[in-house]
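Chain by chain, the residues run as shown.
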Amino acid sequence: MPGDMENLRKRSVAEGSESCGERRCVGPQHLDPCTVETPPPDSSAQHFCHYTPKCFITVHKGPQATSARSTPSHYGEDGWHEATSKTTIRVENEVEAHREANNYKFGFRKWKGHVTERPIEDRSDIVKELYSNLSVVKPQEGSVVTFGNVIYVFLFGWWISLIYFLVGLVMFGTIFGCRYGKVCWKLALYFLWPFGKFIEKSDNHLLQREVLQYFHILLMILGSSLQCHISTYIWFLLGYPVLAVVHCLACVLSWLLVFTIPVAKLNARILTTVLLMAPKDVQIQRLEKTLSVERRVILCCYRAFNVYYYKYTIQGINIFALNLLPLVLITLIVGYTDREHKYFSAETTFATAIISIIPLSYYIGMGIASISAQSNFAVGAVVNATFGSITEMTFYITALLQGHRAATKCYEEIVKAALTGTLLGCILFIPGICMIIGGIKHSEQRFNSRSAGVSSALLFISIGGVFAPTLFSKTFGNLVCESCTNIPGNASVPFICKDCHYDTVGSCFYFFFLPHDPQPLVYTISVLLPAAYLIGLIFTLKTHSHIYDIHISDGHGGHHVVHWSRWRALAVLIVATVLMACCADLSTENIEPILAHFSISQYFIGVTVLAMVPELPEIVNGIQFALQNNISLSLEVGSCIAVQVCMIQIPLLILFNAFYDVGFVLVFSDIHLWASIFSVILVNYIFMDGKCDYFQGTVLVVVYLILLALYFFAPSPRSC
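As the structure is a prediction and not an experimental result, all values here were calculated from the model.

J.: I tried to follow the overall build of the protein on my own but got confused; where do I start?
T.: When helices and strands are counted, the protein shows 24 helices and 18 strands. Within the structure as shown, the protein displays about 34,900 Å² of accessible surface, and the carbon and sulfur contribution to it stands at 65%.

So, in structure tokens, the structure goes:
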């Protein structure tokens, strides 16, 4: 009853206010301490769970309506997480519920974007404006003289207006095309400043025909018919083709700039509609400040620049990933046709190949999320295990093959630097930058320390396992130096040795290994690490899944349409993987001049460019989670990648080397060893209390930059 529901609401608010001094609901997100929300009165759902990051109430509607809150902690600070760490997430449909649930599963790739279409009516006014087709005149709010509109004049307005003026002169010169010349000059003024104006179809000629007598009308039609046809032919022969090229160029440039997409829409509408109209039908008017109702016209643009266009998607694909797709095709064509570098240098080909990996990594991530959201747990786990590391594995394997063909160990050192760089970036940079951006917006953020503890423990196991052969080689290996000198006849002066290293590589024949050979240890670790990863999956997803305690609301309603079906997503995964392998092959093939001629250490190139560029989509996902006060998923993004590098990718490289010997030995240099160990210890210290702010994020990022400076000034590997 309405009265009972009102009493229930007041009692819930009072109880929530009384408990403001207690820590109650924990989860990946937390807002203000006293946030208590109730469901809308008109809700028809039988069981309504409203998501409130700090506190939430669950209301059961029925004859005996009751209020349920998070159970207060009976264990003090330590028992707080045990009793009240529940988070309720409300989603639009069942597929999105699966996607959200997969985000909280260990070993699953985290994906922020939607995999189903969202009705435009349900979205914010900012997003609605992004998808506007510029055909609605609205009451004007504010001035049209903005910074973006002024920039439009310098980037597009002046030269488009000039070309229209010149085309108008040509049309006047033909005499028969004067009508189109007038339209060109009107559009020249319009394009110089199109804001605050609109284009509509004029109906004035109909009124003029009504006041003329019938025979005058007939003569006018007969007399102007031939002239009309001639002017139309001249227009489509001399005027329209030139302007079509101009508008296509303006569309491409403004579309690639992303934030100027309204300019692309404006040019497309002019090209496909206005320029095909009869000259007498084109009417340009200024907006009236007294306009109070909306009306539809042919074209009306208020601003040329919109910073929110980074959210723009087409079929679920982000605009940046879509715009970078032609670069992939250009890179492949140029890379495989210009192998002699007659037109483009090796450095240019390498740069475009590395950048091309970014959109391909995005498509792989979206394909994984789409299949996982539409499938059961087993299929999702298999897809994440097989394709989750495909981006990095394609580069590592192609680099090792390139080094094997060139008979040099330099590529192996580059792969080890990239592996270490991925670890450092995922342990330090991704959590750090997410803490900074999220902390600036939300002051202090809290996360589930128990789930973070699982990831931290697996990180310790991973680092210990990966660097165990390195410690073994330094303990039991033979110290070998390239050259040693001393002063002849003076035995008191010690030898001066250069290029000293531990020689631990022995030869093996089937199951026989030389003494102090680290290969048996390497093979043992390559079995233990995936086993530990599997145990972590069972622990977090089956036996102890309650540590996440995520409840996806049952209020799924309405029909949903997925952006990508399972078969389409699988096809995208396969194609993107093949293209990724090609781009990785081009990057490793053209990296040699950079390694040989640049004064930058090869360590630095591997740790930064080769390691972090493929992870840019994951960094963006983490930042978006942090902005939504979901710092738990931001931290899981980096931890998940770091654990997969150690427990899946490195064992796969060892397995690949066992079947096809490319000389890969799991022995890292000292700089990789100590940088990784220090980073894991630091990040576990930061994660201890279950809360973070921008200062802790700054600490992680500064340490990461210090390590990058160390790699930058470090000498190149001995084999390079």
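J.: Can you help me understand the sheet that holds strand E9 (residues 299-300) in this one?
T.: Strands pair in a sheet through their backbones, by hydrogen bonds, and they do so in one of two ways: parallel or antiparallel. Pairing is antiparallel across the open sheet formed by 3 strands, whose spatial order is E7-E6-E9. Two strands lie at the open edges of the sheet, namely strand E7 (282-286) and E9, each paired on one side alone. As judged from the 2 bridges shared by strand E6 (residues 197-201) and E9, these two strands associate in the antiparallel manner. The partner of Phe198 across the bridge, within E9, is Cys300.

J.: What is the right way to look at the packing of aromatic side chains in this model?
T.: Remark: the centre distance and the inter-plane angle together describe each pair of aromatic rings, the angle taken between the planes. Scanning all chains against the criterion turns up 24 aromatic pairs. Each ring, one from Phe259 and one from Phe305, has its centre 5.8 Å from the other, and the planes form 35°; the classification is tilted. Of this pair, Phe259 sits in the loop between helix H8 (214-256) and helix H9 (261-272) while Phe305 sits in the loop between E9 and strand E10 (313-314), and the two are 46 residues apart along the sequence. Judged by its relative accessible area of 26%, Phe259 falls in the partly exposed class. For the pair Phe447 and Phe687, a centre-to-centre distance of 5.7 Å together with 70° between the ring planes defines the contact as edge-to-face. Within this pair, whereas Phe447 is found in the loop between strand E12 (444-446) and helix H15 (449-476), its partner Phe687 is found in the loop between helix H23 (670-686) and strand E18 (691-693), the two being separated by 240 residues in sequence. Overall, Phe687 belongs to the buried group, its relative accessible area being 8%.

J.: Mind showing me how you'd approach the pattern of salt bridges here?
T.: A pair can form between side chains of opposite charge whenever their charged atoms are brought close. Inspection of every chain in the model, using the stated rule, returns 9 salt bridges. Of the charged contacts, one joins Glu412 and Lys409 as a salt bridge, the two residues approaching to 2.4 Å between their closest N and O atoms. Its relative accessible area of 40% is what places Lys409 among the partly exposed residues. Residues joined by salt bridges that share partners form a network here, namely Glu96, Arg99 and Glu100.

J.: How should the confidence of the model for the protein be read in this particular structure?
T.: Close inspection of predicted coordinates is inappropriate for parts of the model with low pLDDT. Here the protein averages 78 in pLDDT, and 77% of its residues register 70 or above. Confidence drops under a pLDDT of 50 for residues 5-85, and excluding neighbours within four residues, the segment shows 136 contacts in the predicted structure. The low-confidence segment residues 506-514, where pLDDT is below 50, has 10 contacts with residues more than four positions distant or belonging to other chains.

J.: What am I meant to see in the environment of Ile126 here?
T.: When you line up the elements, Ile126 lands in helix H4 (residues 125-130). Given the relative accessible area of 36%, Ile126 is considered partly exposed. Here the alpha-carbon distance between Ile126 and Asn306, two residues 180 residues apart in the chain, equals 9.7 Å.

J.: What is the right way to read the packing of helix H10 (residues 319-337) against helix H17 (residues 566-589) from this model?
T.: When two helices pack together, their arrangement is given by the angle between the helix axes and by the axis-to-axis distance. Where H10 contacts H17, the axes come no closer than 10 Å and their chain directions differ by 50°. As far as their axial angle goes, H17 and H10 are oblique. Seen from above, H10 lies across H17 with left-handed handedness. Residues Val328, Thr331, Leu332, Gly335 and Tyr336 of H10 pack against Leu579, Cys582, Cys583, Asp585 and Leu586 of H17. Looking at the contact of H10 with H17 residue by residue, the classes come out as 7 nonpolar, 2 polar and 1 charged.

J.: Would you explain the side chain of Gln649 in this entry?
T.: Note on placement: Gln649 falls in helix H22 (residues 631-659). Within polar-contact distance, the side chain of Gln649 engages the side chain of Ser389 at 3.3 Å. Leaving out residues up to four positions away in the same chain, Gln649 has contacts with Ser389, Glu392, Met393, Tyr396, Leu419 and Gln644.

J.: Would you mind going over a nonpolar patch on the surface with me for this structure?
T.: On the surface, Trp158, Leu162, Phe165, Leu166, Leu169, Trp185 and Leu192 cluster together into a nonpolar patch covering about 650 Å² of accessible area. Among the elements of the structure, helix H5 (147-173) and helix H6 (178-192) are those that each provide at least two residues to the nonpolar patch. Top contributing element to the nonpolar patch by residue count: H5, with 5 residues. Turning to its location among the elements, Leu166 is positioned in helix H5. When its relative accessible area of 44% is taken as the criterion, Leu166 is described as partly exposed.

Cut-offs applied
- Throughout, a residue's number is its position along its own chain's written sequence, starting from 1.
- Given that this is a predicted model, residues contribute local features only at a pLDDT of at least 70 and side-chain atom pairs are listed and counted only at 80 or more, while totals for whole chains, interfaces and linings are drawn from all residues.
- Side-chain numbers here rest on the full set of heavy atoms in the structure, without hydrogens or water.
- Secondary structure follows DSSP: runs of H or I at least 4 residues long count as helices, runs of E at least 2 residues long count as strands, and numbering of each begins at the N terminus.
- The accessible surface values rely on the Shrake-Rupley method and a 1.4 Å probe; as for residues, cover is taken only from the protein chains in view.
- Strands qualify as paired when DSSP identifies two bridges or more between them.
- The criterion for an aromatic pair is that two Phe, Tyr or Trp rings (for Trp, the six-membered ring) have centres within 6.5 Å, with stacked assigned to planes under 30 degrees apart, edge-to-face to planes over 60 apart and tilted to the rest.
- Accessible area is worked out with a 1.4 Å probe on protein chains only. A residue is then buried under 20% of its type maximum, exposed over 50%, and partly exposed in between.
- Salt bridge, as applied in this entry: a Lys or Arg side-chain nitrogen positioned within 4 Å of an Asp or Glu carboxyl oxygen.
- A residue's pLDDT is the confidence the predictor assigns to it, expressed on a 0 to 100 scale.
- Between two residues, a contact is recorded if the distance between any of their heavy atoms is within 4.5 Å.
- Only C-alpha atoms enter the line fits that serve as axes; for helices the fit covers just the stretch in contact. Angles between N-to-C directions range over 0 to 180 degrees.
- By the definition adopted for this analysis, an angle is roughly parallel if under 35 degrees, roughly antiparallel if over 145, roughly perpendicular if from 65 to 115, and oblique otherwise.
- Crossings are assigned a handedness: left-handed for a near helix turned anticlockwise from the far helix by less than a right angle, right-handed for a clockwise turn.
- Throughout this entry, Asp, Glu, Lys and Arg are counted as charged residues, while Ala, Val, Leu, Ile, Met, Phe, Trp, Tyr, Cys and Pro are counted as nonpolar. The remaining residues, Gly among them, count as polar.
- Side-chain atoms alone can form a polar contact between residues adjacent in sequence; in general such a contact is a pair of N or O atoms within 3.5 Å, and within protein one must be able to donate a hydrogen while the other accepts it.
- A patch is a set of surface residues, each over 30% in relative accessible area and not in a salt bridge, joined within 9 Å for like charges and within 5 Å for the nonpolar side chains Val, Leu, Ile, Met, Phe, Trp and Tyr.

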